[in-house]
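Breakdown of the fold
Below, each chain spelled out in residue letters.
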Amino acid sequence: MAPALDRGDDDSAEPHARTPAQRYAEFRDRQSHPELASFRALYDFEFDDFQVRACTALNDGSGVLVAAPTGSGKTVVGEFAVHLALQRGLKCFYTTPIKALSNQKYADLVRRYDSRTVGLLTGDNSVNGEAPIVVMTTEVLRNMLYAGSGTLKGLGYVVLDEVHYLADRSRGAVWEEVIIHLPESVRLVALSATVSNAEEFGDWLDDLRGGVTVIVDEHRPVPLWQHMMAGNRLYDLFTDPAGTRVNPELMRMAQRDRAVQQPALATGRSRPARGGRAGRPGGRAGHAGGRAGRNGHGGPPPGRARSPYRPEVIARLDAAGLLPAIEFIFSRAGCDAAVQQCLAAGLRLTQPDEAATITDFVERRTVDIPDEDLAVLGYREWLTGLRRGIAAHHAGMLPTFKEVVEELFSAGLVRVVFATETLALGINMPARTVVIEKLDKWNGETHAELTPGEYTQLTGRAGRRGIDVEGHAVVLWQPGIDPAAVGGLAGTRTYPLNSSFRPSYNMAVNLTGQVGRARAAALLESSFAQFQADRGVLDLTRQVRRNKEGMAELAGKMACDQGDFAEYAALRRELSDLEGDLSRRRAVARRTEAARSLEALRRGDIIRVPGGRRAGMAVVLEPGPGSGRAADRDARGPEPRGRGRAPDPRDGRGAGSRDRRDAGSRGNGHGPDTSGLAALGGHGPLVLTANRQVKRLSLADFPVPVEAVDRIRIPTSFSVRSPQHRRDLAASVRNRLAGRDVAGPQRVADWNGGAGDRPGPAGPGSPDQMITALRRRLRRHPSHGCPGREEHARYAERYTRLKRETEALERKVASRSHVIARTFDRVCAVLESLGYLTGDTVTAEGRLLGGLYSELDLLAAECLRRGYFSGLDTQELTACVSALSFESRQTDDAAAPRLPSAKVRDVLGRMVRAWGQLDELEKEKGVSFLREPDLRFAWAAYQWAGGARLEDVLESADLTPGDFVRAVKQLIDLLDQIAAAPVRGAAGRDLRATARAAIDSVRRGVIAYTAVTD
Ligand SMILES: Nc1ncnc2c1ncn2[C@@H]1O[C@H](COP(=O)(O)OP(=O)(O)OP(=O)(O)O)[C@@H](O)[C@H]1O
Ligand SMILES: [Mg+2]
């Protein structure tokens, strides 16, 4: 695949002017592909080449993988599959990863055909599921496949829109399951964003299903221009159309920036800036009106480029005709604050008549929402922003509000949207310009830098096909930003699609139930995950073979007619390893001893600095920061945070000091304690030297331990600043030492030979003895006398290096071969030991598990079979089940969650304990799938099921409306599965009834009126 640098060059071909040759091709097309011809007539634009190629392949009976940039028109290909199915009397399922996208697609198709022909299945919605055309989420199709649903009969085509979701860590496996399990007769239409390994993915599809044509198109239909904005000026990021030369003006600005920021930012690392002020979540909204606040410190220092001020950015884009724009801010609170900032700054992007249209539209779309809820949802403030053409868009918002924003933006009424990156996933909401505020985002744990793939995805929204001649991407200037790094992000346009597939418990019972263990393992071996692993293995194996050939050649060259040279070389190696090891250990021991000796120094000690620039006599004015610590630690014993490690036998100290050693000498797994290194942190004592200078010494000044040769009293009134004091003290030291031999107590060499300090016993079997013995054996070896010895040895050396490298490669190959099937075996081992599987048979419990599609599938199944939920009322059941479906965004919240009743507390406690047992079992079998149940939604779920007001629930749960709606919908999904679970007997009947009642009790108010949305 050619590097994607051909943007902006040739987009001038007038799409509608056709040459005679093209017209002839179309004529032939009508003859040979009548279905395609009738399909093309449905559109008022000409198809692009890639669309024609893909549709033709489909028409000819092939499946297709289409990889093309965002907004290039892949949907057309999916719609052709719908068209073909109807023409041929077959069914077509159109799958999307997101409910909102499914809704959108459903509406489109109903408009084209009619509501009898098209159905919708999203979990929330079930409309006409037996129609010939059904739009559904990919999960719905997966569940159908496992259930062997009759709806699959007559299925001819499956469209997998946004198939690159396959790489998604939590949901990606579903796509592979679908692709693996669909009957071979079904033609697949996989639509993907541009990925660098489309061919690889296509090869897999073709291997697996046969007859798949890969269509890759890298051309963006609307060219994209890259810019940076500093202050209120827009700069081109590149000076050439190919996007290879970064604008020198920007580079100079960055240089000036660095010069001014020295030394604070002089870390030498070249990377985009992090944590720019303009983007601080919830940051400077309060100051938005006043300019002083915008840079946090009241404006930039002179000579430094300024991070642009948000309202100014928008005003500038407006003036340049670059709206509508999406500005990405990777925090929900940041998006809300940005809207407030723009409002406070008096920004208004709409005319009065537009504002009136907006109000009308919003009122119509929110007519179902009761007034009391509107107040809780922040309706007034939201509407104020919308009327001025400004809005936020993120997952914390009520889905209905999010949709209204999308609709108003598409209609051109809302002109600026501050969005989190969720907007870039799937939702079709293109803009003229995309602004990126910072080049890193908070992923919940750390700041992660934007990858080229993400950058492409975000900026892919810029440039609306059929509306804009070109799209624009604008990166805002931040202190410390590196334009070259921005250029790197913008220049690399594709990223690889990597499988995230792994077997799960639910998958294991479903697969085994359908096809048996052996065939299930074989099916899993056919996953893209294993395909990719195998490809990697292929390369590795090739390398191993080449290495082995090289080794054979080297073995020939080192052959010696006097004796077995391989044996001789092994002896030499052993000897040099042993010597190297000993000298390393000695060096460590020496440095450790030196550090300890420094710690022992006290004020007034007269020392001899053995080496370095400060060699000579000196008197200690102030011991180093680490001094005296060792003694403290000895007295205190192991530090409490030590994880119960045994005391270190090598130096008799406690676990605490061992922790320190680990920190101080990482990377050398052997050798004695070097705690002093860490404790000193490079700072030794402050001394007065013989020539009356005050110096801070460091460990580097002490290649050997130091010992006080004498001691002198330093008056408490002594001041290092006073030349007189320094002179006096130096004189006293000289006097004290007069006439004494103060030659250093030890030289490095002496010390190395000093017996007591050896890092190992010196008796028989000691390193020294072993070295002597080895040397003797070496001398006696027949090859030792060979005249070609050193030449042989050089080859032997190379042979050994290659051998070690090859062994490492072979280990890698072993770990990747059949990795999926091996994981599957472990999963089955867990299931067998719990009785969900016996060999090839799925037990009754296993069937129960097969109907639970939760991340905590196995724990949910355990709860059901152990009867934890029996006897609970609807409210209690809702609360308990929420612990399985909910996962909080906050990972570090240590506070104990509020829990409803004693009964709920008891059941939740049992659930957590059950999880603990499963976790143990997983460890024993070598897998780790189950996270701990999350109790932080139980209280809100209980209240909501009991009829509490939205306001009260949101407040007590500290959740945004968007999060709340999502959490309840996930809860309903799981309750739904429980309501269908085949738990036996009266208890089962009761549980199913309670689960259904629980669903009814939570599907009300805000949940009911947002039911049609995601
Ligand atoms: N050949 C064409 N000529 C002009 N406009 C087209 C053409 N094909 C598609 N379009 C229009 O381009 C827009 C984007 O198309 P579409 O949504 O299919 O893109 P996509 O490739 O699916 O992008 P995404 O990756 O965002 O899903 C639509 O408005 C569509 O009508
Ligand atoms: Mg699309």
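Quick summary incoming for the structure in this document. Starting afresh in each chain, residues are numbered from 1 along the sequence in its written order. Note on labels: chains are lettered from A, ligands numbered from 1, in written order. It should be noted that, the model being predicted, local features are given only for residues of pLDDT at least 70 and side-chain atom pairs only at 80 or more, the latter also being counted only at that level, while totals for whole chains, interfaces and linings use all residues. To obtain the side-chain values, all non-hydrogen atoms of the structure were included, while hydrogens and water were left out.

We count a stretch as a helix when DSSP gives it H or I for four or more residues in a row; a strand needs E for two or more, and each element gets its number in order from the N terminus. In terms of helices and strands, the protein chain carries 38 helices and 24 strands. For the exposure calls, accessible area comes from a 1.4 Å probe over protein chains only, and a residue counts as buried if that area is under 20% of its type's maximum, exposed if over 50%, partly exposed in between. When the 1014 residues of the protein chain are sorted by exposure, 51% land in the buried category. By the convention used here, residues are in contact when the closest approach between their heavy atoms is within 4.5 Å. Contacts spanning at least 24 positions in sequence make up 75% of the contacts within the protein chain whose residues lie at least 6 apart.

Here we come to the packing of helix H34 (residues 938–945) against helix H35 (residues 950–957). Note on definitions: angles span 0 to 180 degrees between N-to-C directions of axes, and those axes are lines fitted to C-alpha atoms, for helices only across the stretch in contact. In contact at an axis separation of 9 Å, H34 and H35 are set at 170 degrees when each is read in the N-to-C sense. If you check the angle between H34 and H35, you find them roughly antiparallel. Contacts between H34 and H35 pair Trp939, Ala940, Gln943 and Trp944 from the former with Leu950, Val953, Ser956 and Ala957 from the latter. The class makeup of the residues in the contact of H34 with H35 is six nonpolar, two polar and no charged. Note on angle classes: values under 35 degrees are labelled roughly parallel, values over 145 roughly antiparallel, values of 65 to 115 roughly perpendicular, and the remainder oblique. Here the term charged refers only to Asp, Glu, Lys and Arg, the term nonpolar to Ala, Val, Leu, Ile, Met, Phe, Trp, Tyr, Cys and Pro, and the term polar to all other amino acids, Gly among them.

Within this document, salt bridges are pairs made up of a side-chain nitrogen of Lys or Arg and a carboxyl oxygen of Asp or Glu, the two lying within 4 Å of each other. This model, assessed by the stated rule, comprises 45 salt bridges. Across the pair aspartate 318 and arginine 415 runs a salt bridge whose closest N-O atoms are separated by 3.8 Å. In this pair, aspartate 318 is assigned in helix H10 (residues 310–319) and arginine 415 in the loop between helix H15 (399–410) and strand E13 (416–419), connecting sequence segments 97 residues apart. Classification of arginine 415 by relative accessible area gives partly exposed; the value is 21%. We note a salt bridge from aspartate 963 to arginine 966, for which the minimum N-O separation is 3.1 Å. Of this pair, aspartate 963 and arginine 966 both sit in helix H36 (residues 961–979), three residues apart, which is roughly one turn of that helix.

Glancing now at the packing of aromatic side chains. The geometry of an aromatic ring pair comes down to the distance between the two centres and the angle between the two planes. A pair of Phe, Tyr and Trp rings is counted when the ring centres sit within 6.5 Å of each other, with Trp represented by its six-membered ring. The angle between the planes then sorts it: under 30 degrees is stacked, over 60 is edge-to-face, the rest tilted. Scanning the model with the defined rule gives 18 aromatic pairs in all. An angle of 65 degrees between the planes, with centres 5.8 Å apart, marks the rings of phenylalanine 39 and phenylalanine 47 as edge-to-face. Phenylalanine 47 shares its class with phenylalanine 39; the two are buried. Relative to phenylalanine 531, the ring of phenylalanine 528 has its centre 6.2 Å away and its plane inclined at 25 degrees; by these criteria the two rings are stacked.

Let's shift gears to the nonpolar core. Put simply, buried Ala, Val, Leu, Ile, Met, Phe, Trp, Tyr and Cys residues joined by side-chain atoms within 4.5 Å make one nonpolar core. The biggest cluster of nonpolar side chains holds 199 residues, and the ones touching the most others in it are Phe869 and Phe964. Of all the elements, H36 adds the most residues to this core, at 10 residues. The contacts of phenylalanine 964, once residues within four sequence positions are left out, are Phe937, Trp944, Leu950, Val953, Leu954, Leu959, Val1006 and Ile1007. Ranked by size, the runner-up nonpolar core spans 33 residues in total, among them Phe47, Val82, Leu84 and Tyr157.

A word on the site of ligand 1. Consider each residue's heavy atoms; a residue with any of them within 4 Å of a molecule or strand counts as near. Around ligand 1, the structure places 16 residues, and the nearest of them are Glu46, Gln51, Gly71, Lys74 and Thr75. We call two N or O atoms a polar contact when they sit within 3.5 Å, provided that within protein one can donate a hydrogen and the other can accept it, with sequence-adjacent residues counted only if both atoms are side-chain atoms. In this structure, an oxygen atom belonging to ligand 1 sits 2.7 Å away from a main-chain N or O atom of glycine 71. Between a nitrogen atom of ligand 1 and a side-chain N or O atom of arginine 465, the distance comes to 3.4 Å. With residues, only the protein chains shown are counted as cover, and all accessible areas are computed by Shrake-Rupley using a 1.4 Å probe. In isolation ligand 1 offers 640 Å² of accessible surface; the protein chains occlude 78% of this area. For the shell around ligand 1, the residue count by class is three nonpolar, seven polar and six charged.

Next up on the list: the packing of helix H32 (residues 874–885) against H34. The N-to-C vectors of H32 and H34 enclose an angle of 150 degrees; their axes lie 8 Å apart at closest approach. Here H32 is positioned roughly antiparallel relative to H34, judged by the angle of their axes. The crossing of H32 and H34 is right-handed. For the pair formed by H32 and H34, the contact residues are Gln875, Glu876, Thr878, Ala879 and Ser882 on the first element and Ala938, Ala941, Tyr942 and Ala945 on the second. Two helices cross in a left-handed way if the nearer one is turned anticlockwise from the farther one by less than a right angle. They cross in a right-handed way if the turn is clockwise.

Moving on, we come to helix H27 (residues 767–780). One less than the number of residues in a helix, times 1.5 Å, gives the span that helix is expected to have. End to end, H27 covers 20 Å across 14 residues, agreeing with the expected 20 Å (1.5 Å per residue, within 8%). Where H27 is buried, its residues contact helix H21 (565–599).

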